[in-house]
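One letter stands for each residue in the lines below.
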Amino acid sequence: MERKSVGIRELARHLNISIGTVSRALNGRSDVNAETRQRVMEAAVELGYAPNHSGRTLRQGTTNTVALMMRTNIDTTGFGETFFMSLSEGVQEVLARHNLDLVILPCSSTHDQDEYLRRAVERHLADGFIISDTQRVDHRIDYLIKRRIPFVALGRSLSGGSHSWIDLDFEGVAKQSVTRLIDLGHRRIALGMAAREVNNRYIFEEAYRDALASHEIPFDPDLIVRVPNTEGGGYQLGRDLLATQDRPTAVILVQETLAIGLYRSLKEASLEPGRDVSIIGFRQNPTCRFLSPSLTCFSLSLQELGVRLGEVLVDLMHRASSDADPEPVRQLWPMTLVPGHSDQLTGSSLLKRRSRPQS
């Protein structure tokens, strides 16, 4: 009669030692003494130990690799977008301390992210994952939780149960931007954002509405314009805003790539950012540093953010190897306002200019 194989739990129970110690012994880790390692190996042969390769292989660190999954967009990367390059430097800094390698999994904008991740998991490409471009409902999160694979999400989602995420402080950026413009006298404040189902779009819009309400300014849905997250989208944004009957006096951008196109659109209409329309951008992007007038926006250290993502994931991987249930990390990453000259126009000065008789 064929003997039934046992798993790591039964093996640990038989030896009366922790699952973590058994796991490290089976994987030849140097922090297990030779006598214990010998006991574990002998018992594994005697009891017919069979490892579970459908997910536990990853958690035991057999690849010594971490994967960063990113969504690519040729319209954005073609203009020198450096977000993930800077982020990955920080991740690699942490992984190097643990003799781990980083692989980038670029998923094109035309491919299904869910299927792309499933293939990576089934092929055992990595021990843990950092996922980005987090959707409002993100099936990748549910899938990774179900498979018990260590991961951290760059961005929040309504999907999944207990899992770790780090997200930019979109609420803080929205509140600071709205308050700054209202203090300058603006009341018609538009919001330009990408026409995509990423969750940060919903978070920012809700915070924008809350900030207006706190200043007793009614919300006007016509002031929210959704366009492609490209320079062309920014150009379209400018055209759409200029076509409105009651043109806004200020614009807040949720994506940094929109600023260049918006500037061009305004200047083609003989309007000057900061003189005729106030603009607050999102992240301080290298491609926007030479805009004139200088763009008021927000800065953050992407390398430090990458370091934190790496630290969280490595800790999750170590805990998973011992079958411990780690406490999820949920962290908002701060962004700092960098004043420029694109929002120097005050609402009151524009109203005076509009009411001035034409010669």
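Everything discussed here concerns the structure shown above.
The next point concerns the sheet that holds strand β4 (residues 151–154). Here six strands make up an open sheet; going across it, the order is β2-β1-β3-β4-β5-β11 and the pairing parallel. In the strand order of this sheet, the two ends are held by β2 (101–108) and β11 (330–333), each with one partner. The average angle at which neighbouring strand axes cross in this sheet is 20°, direction not considered. The sheet contact formed by strand β1 (residues 65–72) and β2 spans eight bridges and is parallel. Paired with Arg71 across the bridge in β2 is Cys107. Against the sheet, helix α7 (residues 113–122) makes contact with β1, β2 and β3 (128–131), and its axis sits at roughly 145° relative to β2, the strand it touches most.

Here we come to the pattern of salt bridges. Any two side chains of opposite charge can pair if their charged atoms end up close together. One pass over the structure, following the stated rule, counts 15 salt bridges. In this structure, Arg118 and Glu115 form a salt bridge, with 3.0 Å as the shortest nitrogen-oxygen distance. With a gap of three residues between them, Arg118 and Glu115 both fall in helix α7, about one helical turn apart. For Arg118, a relative accessible area of 28% gives the class partly exposed. The exposure class of Glu115 is partly exposed, given its relative accessible area of 33%. By sharing partners, the salt bridges in this structure join Arg156, Asp167 and Glu171 into a single network.

Before going further, it helps to examine the packing of helix α2 (residues 19–26) against helix α3 (residues 34–47). With their axes 9 Å apart at the nearest point, α2 and α3 run at an angle of 85° to one another. Taken together, the axes of α2 and α3 are roughly perpendicular relative to one another. From α2, Thr21, Val22, Ala25 and Leu26 reach across to α3, where they touch Thr36, Arg37, Val40, Met41 and Ala44. The class makeup of the residues in the contact of α2 with α3 is six nonpolar, two polar and one charged.

We now examine unusual backbone geometry. Keep in mind that most residues, glycine aside, have a negative phi and that most peptide bonds are trans. In this structure, Pro293 follows Ser292 across a cis peptide bond, with omega equal to 0°. Following the sequence through the fold, Pro293 ends up in the loop between β9 (278–283) and β10 (296–299). Non-glycine residue Asn16 carries a positive phi angle of around 60°. As for its placement among the helices and strands, Asn16 is situated in the loop between α1 (8–15) and α2. The exposed category is assigned to Asn16, whose relative accessible area is 71%. The phi dihedral of Arg148 falls on the positive side, at around 55°, and the residue is not glycine. Along the chain, the position of Arg148 falls in the loop between α8 (139–147) and β4.

Okay, the packing of aromatic side chains next. Per the counting criterion, the structure on display carries four aromatic pairs. A ring pair is formed by Phe170 and Phe282, whose centres lie 5.5 Å apart and whose planes are at 5°; its orientation type is stacked. Residue Phe170 is found in helix α9 (residues 170–183), and its partner Phe282 is found in strand β9; the two are separated by 112 residues along the sequence. On the basis of relative accessibility, which here comes to 5%, the residue Phe282 falls in the buried class. Directly above the ring of Tyr202 sits Arg136, whose terminal nitrogen or CZ lies 4.4 Å from the centroid. Over the ring of Phe219 we find Arg209; its NZ or CZ atom is 4.0 Å from the centre of that ring.

Moving on, we come to the packing of α1 against α3. For the pair α1 and α3, interaxial distance at closest approach is 10 Å and the crossing angle is 120°. Looking at the two axes, α1 sits oblique to α3. Crossing of α1 over α3 shows right-handed handedness. Along the contact surface, α1 presents Leu11, His14 and Leu15, while α3 presents Arg39, Val40, Ala43, Ala44 and Leu47. Along the lines of polarity and charge, the residues of the contact of α1 with α3 split into six nonpolar, one polar and one charged.

Relative to strand β7 (residues 224–227), strand β6 (residues 189–194) runs parallel, the two being bridged by four bridges. The partner of Gly192 across the bridge, within β7, is Val225. In this fold, β6 hands off to helix α10 (residues 199–214), which returns the chain to β7; that crossover is right-handed.

It is worth spelling out the side chain of Asp343 at this point. Relative to the elements of secondary structure, Asp343 occurs in the loop between β12 (336–338) and α14 (347–355). By relative accessible area, which is 1% here, Asp343 ends up buried. In this structure the side chain of Asp343 is engaged in a polar contact, spanning 2.4 Å, whose partner is the side chain of Arg180. Apart from residues no more than four positions distant in its own chain, Asp343 is found in contact with Arg180, Leu181, Leu184, Gly274, Ser278, Ile279, Ile280 and Thr296.

Conventions and cut-offs
Residues numbered from 1 in each chain as written. Predicted model: local features only at pLDDT ≥ 70, side-chain atom pairs only at ≥ 80, totals over all residues. Heavy atoms only, no water. Pairing = 2+ DSSP bridges. Helix = DSSP H or I, 4+ residues; strand = E, 2+ residues; numbered from the N terminus. Axes fitted to C-alpha atoms, helices over the stretch in contact; angles between N-to-C directions. Contact = heavy atoms within 4.5 Å. Salt bridge = Lys/Arg side-chain N within 4 Å of Asp/Glu carboxyl O. Buried < 20%, exposed > 50% of the residue type's maximum accessible area, 1.4 Å probe, protein only. Parallel < 35°, antiparallel > 145°, perpendicular 65-115°, else oblique. Nonpolar A, V, L, I, M, F, W, Y, C, P; charged D, E, K, R; others polar. Phe/Tyr/Trp six-rings, centres within 6.5 Å; stacked < 30°, edge-to-face > 60°. Lys NZ or Arg CZ within 6 Å of the ring centre and 35° of its normal. Left-handed = near helix turned anticlockwise from the far one by under 90°. Right-handed = clockwise from strand over helix to strand, strands pointing away. Polar contact = N/O pair within 3.5 Å; in protein donor to acceptor, adjacent residues only side chain to side chain.

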